[in-house]
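Breakdown of the fold
For reference, the chains in residue letters:
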Amino acid sequence: MARFTVNDVRRILRDCAGEPDSISLDSEIGAVSFDEMGYDSLARLELAARIQQEFLVAIPDEQVEELRTPDDVVDYVTPRIAAA
């Protein structure tokens with residue numbers, strides 16, 4: 001079974017949106033909001049698209065806005081991977 005962690009969020013963010021100026025992605029980012037990190041809604045939609053491609057878990061656009069931190073994304077994706 002595939003696992004999904006904050007490290008996956010970190011890797012995907014680096015690949016699709018780059019490293020933010022406001023915080024190091026190598027720090028504890030789990031509870032830091034995407035807004036605080038400087039990632040806009042487009043970056044979050046790209047994150048969701050990459051998660052769907054790699055982990056086969058769809059995140060509807062309206063749900064993307066509700067997922068405000070990397071921990072939120074992990075909490076959303078993890079049970080859906082287990083169910084797949």
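Everything discussed here concerns the structure shown above.
Before going into details, it helps to say that this report is about the structure given with it. (Residues numbered from 1 in each chain as written. Predicted model: local features only at pLDDT ≥ 70, side-chain atom pairs only at ≥ 80, totals over all residues. Heavy atoms only, no water.)

By secondary structure assignment, the location of Thr69 is in the loop between α4 (61-64) and α5 (70-83). Since its relative accessible area comes to 11%, Thr69 is described here as buried. Of the polar contacts made by the side chain of Thr69, one reaches the backbone oxygen of Gly30; its length is 3.4 Å. (Helix = DSSP H or I, 4+ residues; strand = E, 2+ residues; numbered from the N terminus. Buried < 20%, exposed > 50% of the residue type's maximum accessible area, 1.4 Å probe, protein only. Polar contact = N/O pair within 3.5 Å; in protein donor to acceptor, adjacent residues only side chain to side chain.)

The first and last C-alpha atoms of helix α1 (residues 6-17) sit 16 Å apart over 12 residues, in line with the 16 Å expected at 1.5 Å per residue. Taken as a whole, α1 has its buried residues at Val6, Asp8, Val9, Arg10, Ile12 and Leu13. Lining the buried residues of α1 we find α2 (34-37), α3 (41-55) and α5. In this structure Thr5 caps α1, since a side-chain oxygen of it lies 3.2 Å from the backbone nitrogen of Asn7. Just downstream of α1, Gly18 is the residue with a positive phi angle, here 80°. (Expected span 1.5 Å × (residues − 1). Contact = heavy atoms within 4.5 Å.)

Inspection of the entire model under this criterion finds one aromatic pair. Centre to centre, the rings of Phe4 and Phe55 are 5.0 Å apart; their planes meet at 85°, and the pair counts as edge-to-face. Of the two residues, Phe4 sits in the segment before α1 while Phe55 sits in helix α3, which places them 51 residues apart along the sequence. For Phe4, a relative accessible area of 5% corresponds to the buried category. The cationic tip of Arg80 hangs over the ring face of Tyr76; the distance from NZ or CZ to the ring centre is 3.6 Å. (Phe/Tyr/Trp six-rings, centres within 6.5 Å; stacked < 30°, edge-to-face > 60°. Lys NZ or Arg CZ within 6 Å of the ring centre and 35° of its normal.)

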